[in-house]
Amino acid sequence: MKRILSFLLLLAATMFSTSLHAQSGHFDWAKGYGSNQDFCKIKGSVADTEGNLYILGSFTNDATWDGERLLPITPYGPGYNTINTLIAKISPSGEMLWKKVIHANNGQSTFPYDIKMVGDTAFACMVELAMPRTSNYLYYLDTLIPAGYHDYPIHMESATTTSACFTAFIAFDFSGNVEEQHFLQVSYIDTTGHDFVFNPNKPEAIDKDFLHKATFDIDANGNIYISRHASDHRDSRISVPEGSAIGLKFWVDNQCVGSVDVSNDTHPVWVTQLLKFSPHFSTLLDSRYVIQDNADIPHYINLSTYTKLDKDNNVYHMCLLQKLRENEDTLVIDSLRNMTMPISCFAQNVSLLVKYSPNLTPLWHVYLRDSLLPYGGGSFTNFYDIEFDDDSSL
């Protein structure tokens, strides 16, 4: 009897506790977002003062939101499993008020990377686009664009490249209207200062590529800060002697807005490059590598980046470094200021947070590193996001 009474008291206490928990916190709504593939993800979101949510995500062609298909046309061609981009507004009650879709066939995917507010009336996002000229269609921001490179959002010159590869920067008002859009690319400069040509069959063609996993933020003056993966002259596609490509050109809407030198004794290998552009991407104002090294061989790879500004326009950058050399004990954050980061020789993964001034001068850094375990494997740590209080403290 005592056992039965104790059980009943425990059951009553549990039910009472559960009832209190249910009353104090509950779901207002929940929506399903998914598909048979593995690419339905929300990459980022921002909210306005009225509680509306603006999301940037990826999806495959059979994806649904709350049971309804996202792609309003029947996919066809070999690109039916490609990754697509979703930009949408969700009401405080969970209703999708509007959506914008970017989708291409022929095996070409679009990759959403970042979304940020622009003042109090707009938001912007960055998306990578790589689409062939022929035998394709482009469903761009819910508008079907037929085959032919002349119909792309940015006019591609016939001598430019066999592919339209660029990073799209798109700003919307809260009603979904496009307020501004730009198409960013990067190309190489060889040792003679001439544009580097990838395709030997088209010596007049300059291949321009997207910025690779770009994240961004915008300061109060409209300057745009971008972090991107940079392979530079160690890019595997360059079949020329080491050091032949010594510079970069940055293009916006097919106009070169600035260049960056890459010295022969510095070999960034898929590390982060920070870029500062004037408003509307008119001019490249400054650039800097997060990690610099004089090693002869690649020894780390940057897998993730994130950039955010505080109210004083200081730049906070997060990145993940992998494949450190076993005998590595330091990494150079910035060679001009001789900032170094001590690393245990046993570290294989390092998550780095660096604070920069508005002119991209590094101020301080902290890092998280993994620990190899005696039985093999290791721990894994990473910075993902930061927020600030009123005095810009983290």
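Coordinates for the structure precede this section.
Remember, it's a predicted structure, so these values are computed and weren't measured experimentally.

Concerning the pattern of salt bridges
Tallying each qualifying case throughout the model produces 6 salt bridges. Across the pair lysine 31 and aspartate 66 runs a salt bridge, and its minimum N-O distance is 3.1 Å. Residue lysine 31 is found in the loop between helix H1 (2–24) and strand S1 (33–34), and its partner aspartate 66 is found in the loop between strand S4 (64–65) and strand S5 (68–69); the two are separated by 35 residues along the sequence. Residue classification places aspartate 66 among the partly exposed residues on the basis of a relative accessible area of 43%. A salt bridge links lysine 308 to aspartate 385, with the shortest nitrogen-to-oxygen separation between them at 3.5 Å. Separated by 77 residues along the polypeptide, lysine 308 in strand S20 (residues 301–309) and aspartate 385 in the segment after strand S25 (362–369) bring together distant segments of the chain. The network of salt bridges with common partners includes Lys308, Asp385 and Glu387.

Remarks on a nonpolar patch on the surface
Taken together, Leu363, Trp364, Val366 and Leu394 make up a surface patch of nonpolar side chains, about 330 Å² in accessible area. Here leucine 363 is to be found in strand S25. Classification of leucine 363 as partly exposed rests on a relative accessible area of 39%.

A short note on the packing of aromatic side chains
Under the definition given, this model contains 14 aromatic pairs. Centre to centre, the rings of phenylalanine 123 and phenylalanine 172 are 5.4 Å apart; their planes meet at 25°, and the pair counts as stacked. Of the two residues, phenylalanine 123 is situated in strand S9 (residues 122–132) and phenylalanine 172 in strand S12 (residues 163–173); the sequence distance between them amounts to 49 residues. No difference in accessibility class separates phenylalanine 123 from phenylalanine 172, as the two residues are buried. Among the aromatic residues, ring-to-ring pairing joins Tyr54, Trp98, Phe123, Phe172 and Phe174 into one connected group. Of note, lysine 116 hangs over the ring of phenylalanine 216, and the distance from its end group to the ring centre comes to 5.5 Å.

Side note on the sheet that holds S4
The 3 strands lie next to each other as S1-S4-S5, forming an open sheet whose pairing is antiparallel. Edge positions in the sheet fall to S1 and S5, since each has one partner strand and no second. As paired strands, S4 and S5 are joined by 2 bridges and run antiparallel to one another. In the sheet register, threonine 64 faces S5, and the bridge partner there is arginine 69.

Rules and cut-offs
- Residues numbered from 1 in each chain as written.
- Predicted model: local features only at pLDDT ≥ 70, side-chain atom pairs only at ≥ 80, totals over all residues.
- Heavy atoms only, no water.
- Salt bridge = Lys/Arg side-chain N within 4 Å of Asp/Glu carboxyl O.
- Helix = DSSP H or I, 4+ residues; strand = E, 2+ residues; numbered from the N terminus.
- Buried < 20%, exposed > 50% of the residue type's maximum accessible area, 1.4 Å probe, protein only.
- Patch = residues over 30% accessible without salt bridge, like charges linked within 9 Å, V, L, I, M, F, W, Y side chains within 5 Å.
- Areas by Shrake-Rupley, 256 points an atom, 1.4 Å probe, with all protein chains shown as cover.
- Phe/Tyr/Trp six-rings, centres within 6.5 Å; stacked < 30°, edge-to-face > 60°.
- Lys NZ or Arg CZ within 6 Å of the ring centre and 35° of its normal.
- Pairing = 2+ DSSP bridges.

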